[in-house]
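Understanding the architecture of this molecule
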Amino acid sequence: MTLPPRAHVTRNERRFRFGAAALPYLLISPTLLFVTVFTLWPSVRVLYDSLFLQNQAVQVPRFAGIENYTALFQDPAFREVIASTVIYVLATVPVSVLLALILALLLNRKFRALGFYRLAFFYPTVLPMVSAATIWLFMYTPGYGLVNVFLEFFHLPSQNWLGSTNLALIALIILGIWKQTGYFMIFYLAGLQGLPHDVFEAAQLDGASAIQTTRYLTLPLLMGTTLFVTTIAVVNAFETVDQIYIMTGGGPNNATAMLLFSLWQTLFSFLDVGTASALSVILIVVLLIFTATNFVYTERRATYE
Amino acid sequence: MNETTKPGRSPRPSRFRLKSIFNALGLIVLAVIAIGWAIPMIWAMAVSAHPPDEPLSATNLWFGSRPTLENYATAFQIAPFAQYYLNTIIIVGGILVVQLITISLAGYAFARFEFRGQNVLFFLILLQLMVPASALIVPNYSTIRQLRLFDTLVAVMLPFFGSAFGTFLMRQTFKIIPRDLDDAAKMDGANWLQTLWHVYLPPARPAMTAFALSSISFHWNDFLWPLVVTNSTHSRPLTVGLAVFTQLGEIGAQWPLVTAGTVIVVGPLLLLFLIFQRQFIESFLHSGLK
C-alpha cells in the first residue's frame with residue numbers, strides 16, 4: 001500500500017485511507033474475538049493449568065510440572081480409559097465404514113424402495129445422540145428389551161448388556177454403528193454417483209466381472225470418500241460421551257469410561273481441575289496427531305495422483 | 001442411478017441368471033438390515049402408546065391392549081418440554097443468526113481484501129477446526145463462570161458465535177464471484193456493506209443454507225456443553241432436558257413414559273426430515289465438517 005506524497009493528501013482523504021486499511025480487520029474482528037476467547041486462549045490455558053495441582057485437597061493451584069501426567073499414566077483406571085477408548089475406536093470405525101460401503105453398493109441402482117431404504121439407514125443420523133441412547137437403553141433392558149427378546153427367539157441366553165463389564169462396551173459400540181452408518185452411506189452413494197462412466201464402459205467391453213469391476217475400479221476410485229468418512233468416524237469416536245452419560249455412567253466398574261467422559265467426570269464429579277486439564281491436553285494431542293497425519297496423507301495422495 | 005450401476009453385465013444368459021440371483025440376495029440382505037435399523041424407533045413409538053398401568057413383559061411388548069396418549073400427557077406434566085423446545089430454538093437460532101453475520105464479514109475480508117497478517121490471522125481462525133470444542137470444556141466452563149453467565153442461554157451459545165468452518169466456506173464462495181461485479185458496484189457509489197449485501201450474499205445463498213442446516217443439526221443435538229453450563233429449566237435445551245427427565249427418580253424404569261419423552265424430543269425432527277429428506281441429505285453432503 002503506497003501513499004501518494006503527503007502534501008497532496010487532504011484530511012478527509014487521509015481519514016478515508018485509514019478507514020479503508022482498518023476495514024478488513026474490523027470485518028474479521030468478531031470471528032477473531034470469539035475464536036480467541038473460546039478456542040485459542042483456552043487451548044493455551046488448559047496446557048498451563050495441566051501443570052498445576054488443583055483439586056479438592058489443593059484448593060490454591062500449586063505448580064507441579066508434569067506430575068498430573070505421570071500420575072495419570074501410573075493410574076490403572078486411566079489405562080482402562082485408554083483401553084476402552086481404543087477398543088471403541090477400532091471397533092466402530094472399520095465396521096461402520098465397511099457396512100456403509102456395502103449398503104451403498106447394494107443401494108446404488110434404480111429401484112422402487114430406494115427411498116425407504118435410504119430413510120431406514122439415515123434416520124438415526126438426524127436423532128440427537130441423547131435420544132438415540134435413551135432408545136437403546138430401553139433396547140438393552142434385561143427381561144423384555146428387544147435385544148434380549150431377539151436372542152431368546154434364537155434360543156441364545158439373554159444378557160445383562162449394560163450391567164456386564166464385558167458387554168457394556170460392546171453395547172455402546174453397537175449403538176455407535178447404528179447411529180452413524182447411514183451418515184457414511186450417503187457419502188459413498190454420492191461418491192458412486194460421481195464415478196466416471198467411460199471407465200466402467202471400457203471395463204464392461206473388456207468383459208470384466210462385477211467383482212473385478214468393484215475390486216479394481218469402484219473401490220480405488222472411492223478412496224477419497226473412504227479417507228474423508230474415516231476421519232469423521234475417528235474424531236467422533238474419540239469424542240464419544242453423550243451415550244455413556246445416558247446408558248452406563250462410565251460403569252460397570254469403569255468399563256465404559258472413555259476419554260471425554262472421564263474428562264467430564266474428573267472435572268464435575270471429582271472436582272480435579274489439574275487432572276481434567278491434563279486429560280484435555282491428551283485428547284487434543286491425540287486428535288491433532290490424527291488430523292495432521294490425515295492431512296499429510298491427503299496432500300501426498302493429491303500430489304501423486 | 002445411471003449407467004455406472006450396471007458395469008459387468010454380461011449378455012450371456014448363464015451369467016445373467018447368476019447376476020439376478022445375486023441381485024435378489026442383495027435385496028434380501030438389504031431388507032433384513034433395514035428392518036433391524038428401523039425397529040428401535042418403531043418400537044419406542046409403539047411403547048410410548050402402551051397403557052401405563054399394564055406392565056411391559058416379553059409377551060406384551062408393543063402397544064399393549066389399548067393404545068393411549070396418556071404417557072404424553074404425563075410426560076408434559078412432569079417435565080417442561082415446551083420450555084425446553086423454546087430454549088433449544090432460541091439457542092440454535094441465536095447461534096445461527098450471529099454466525100451468519102460473523103462468517104459473512106470475515107469471509108468477505110479474507111476473500112477480497114489484502115491486509116497485513118492476513119495469512120496468520122486466517123490460520124489462527126482455522127485452528128478452531130483442529131481443536132474440538134468438547135476438549136476445551138474445562139477452561140471454557142471457567143470462562144463462563146468468570147463472565148457470570150453460568151446457567152444462561154447466552155452461555156450455551158457464546159463459544160460458537162465464531163465459526164472457522166463457516167468463515168472458510170464463505171471465503172471460498174466469495175472468491176468465485178467475479179471482481180468486475182464488485183468494481184461495478186463501487187463505481188455506482190456502493191459502500192462495502194452495500195456491495196457485500198447486493199453483490200456477494202445473493203449468489204452465496206446455497207452455501208449459507210448448507211452451513212445453516214449443518215449448524216442447526218449440530219447445535220440442536222449438542223449435549224455436553226449445555227449439560228456443563230446449564231442448571232435449570234429456563235436455560236436447559238431439549239437434549240439435557242430429556243436426560244434429566246429419564247433420570248428423575250419418580251420415573252424409574254417406566255418405559256412407556258420414557259419413550260413418550262423421547263418421541264416428544266425426536267418426533268418433530270423426524271417429521272421435518274421426512275418432509276425435507278432430500279435437502280437434509282444434500283446439506284449433510286455439502287458440509288461434512290461440523
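**Quick word on the overall build of chain B**
Helix and strand counts for chain B come out as 14 helices and zero strands. Mapped in sequence order, the helices and strands of chain B form the string α-α-α-α-α-α-α-α-α-α-α-α-α-α. A compact globule built from 290 residues would reach a C-alpha radius of gyration of about 19 Å, whereas chain B, at 25 Å, exceeds it by more than 25%. Each of the three principal axes of chain B carries a C-alpha extent, and together these read 75 × 75 × 35 Å. Counting all 290 residues of chain B, 40% fall into the buried class.

**Re the overall build of chain A**
When helices and strands are counted, chain A shows 13 helices and two strands. Here the C-alpha atoms of chain A give a radius of gyration of 26 Å, more than 25% beyond the 19 Å that 2.2 N^0.38 yields for 305 residues. Across its three principal axes, chain A shows a C-alpha extent of roughly 90 × 70 × 35 Å. For chain A, the residues scored as buried account for 42% of the 305 residues in total.

**Section: the confidence of the model for chain B**
Across chain B, the average pLDDT comes to 87, with 92% of residues at or above 70. Overall, residues 1–10 of chain B carries pLDDT values under 50, and its contacts beyond four positions in sequence, including any with other chains, amount to 25 contacts.

**So, the confidence of the model for chain A**
Residue-level pLDDT values for chain A average 87, and 91% of them are 70 or greater. Scored below 50 in pLDDT, residues 1–7 of chain A makes four contacts in the model with residues more than four places away or belonging to other chains.

**As for the interface of chain A and chain B**
If you look at the interface, chain A gives 79 residues, while chain B gives 75 residues. Ranked by residues supplied to the side of chain A that touches chain B, first place goes to helix α1 (residues 11–49) of chain A with 19 residues. Residues of the side of chain A that touches chain B, tallied by class, amount to 58 nonpolar, 15 polar and six charged.

**A word on the nonpolar core**
Residues and elements named next belong to chain A. Counting residues in hydrophobic clusters, the biggest one holds 148 residues, and the most contacted among them are W136 and Y188. Among the elements that make up this core, the one with the highest residue count is helix α7 (residues 167–193) (15 residues). Not counting residues up to four positions away in its chain, the partners in contact with Y188 are A100, L101, A104, L222 and T225.

**Quick look at the packing of helix α2 (residues 70–78) of chain B against helix α13 (residues 255–275) of chain B**
Residues and elements named next belong to chain B. Taken N-terminus to C-terminus, the directions of α2 and α13 make an angle of 75°; their axes are 8 Å apart at the nearest point. Regarding the angle of α2 to α13, the classification is roughly perpendicular. Only P256, L257, A260, G261 and I264 of α13 make contact with α2, whose side of the interface consists of N71, Y72, T74 and A75. Here the contact of α2 with α13 is composed, by residue class, of six nonpolar, three polar and no charged.

**What to know about the environment of V244 of chain B**
Residues and elements named next belong to chain B. Locating V244 in the fold gives a position in helix α12 (residues 238–246). A residue is classified by how many C-beta atoms lie within 10 Å of it, and V244, with 15 of them, is partly exposed. Along the primary structure V244 and T88 are separated by 156 residues, whereas in three dimensions their C-alpha atoms are 15 Å apart.

**Quick look at the environment of F273 of chain B**
Of note, F273 of chain B is situated in helix α13. Placed 168 residues apart in sequence, F273 of chain B and L105 of chain B show a C-alpha to C-alpha distance of 31 Å. In contact with F273 of chain B, other than residues within four places in its own chain, are Y123 and V126 of chain A together with F280 of chain B.

**With respect to helix α5 (residues 129–139) of chain A**
Counting buried positions along α5 of chain A gives eleven out of eleven residues, so the element sits mostly inside the fold. By the burial criterion, the buried members of α5 of chain A are M129, V130, S131, A132, A133, T134, I135, W136, L137, F138 and M139 of chain A.

**What to know about helix α5 (residues 137–146) of chain B**
Those residues of α5 of chain B not exposed but buried are I137, V138, P139, N140, Y141 and I144 of chain B. At the exit of α5 of chain B stands R148 of chain B, carrying a positive phi of roughly 55°.

**Some thoughts on unusual backbone geometry**
Residue and element names in this part refer to chain A. Note that the residue after G251, namely P252, is joined by a cis bond; omega there is -10°. Turning to its location among the elements, P252 is positioned in the loop between α11 (242–247) and α12 (259–268). Positive phi outside glycine occurs at H155, with the angle close to 55°. Turning to its location among the elements, H155 is positioned in the loop between α6 (146–153) and α7. The class for H155 is exposed, based on 6 C-beta atoms found within 10 Å. One non-glycine residue, N254, lies in positive phi territory at about 70°. Inspection of the secondary structure assignment puts N254 in the loop between α11 and α12.

Calculation criteria
- Residues numbered from 1 in each chain as written.
- Chains lettered and ligands numbered in written order.
- Predicted model: local features only at pLDDT ≥ 70, side-chain atom pairs only at ≥ 80, totals over all residues.
- Helix = DSSP H or I, 4+ residues; strand = E, 2+ residues; numbered from the N terminus.
- Rg over C-alpha atoms; globule rule 2.2 N^0.38 Å.
- Buried ≥ 20, exposed ≤ 12 C-beta atoms within 10 Å, placed from the backbone.
- pLDDT = per-residue confidence, 0-100.
- Contact = placed C-beta atoms within 7 Å.
- Nonpolar A, V, L, I, M, F, W, Y, C, P; charged D, E, K, R; others polar.
- Core = buried A, V, L, I, M, F, W, Y, C linked by C-beta atoms within 7 Å.
- Axes fitted to C-alpha atoms, helices over the stretch in contact; angles between N-to-C directions.
- Parallel < 35°, antiparallel > 145°, perpendicular 65-115°, else oblique.

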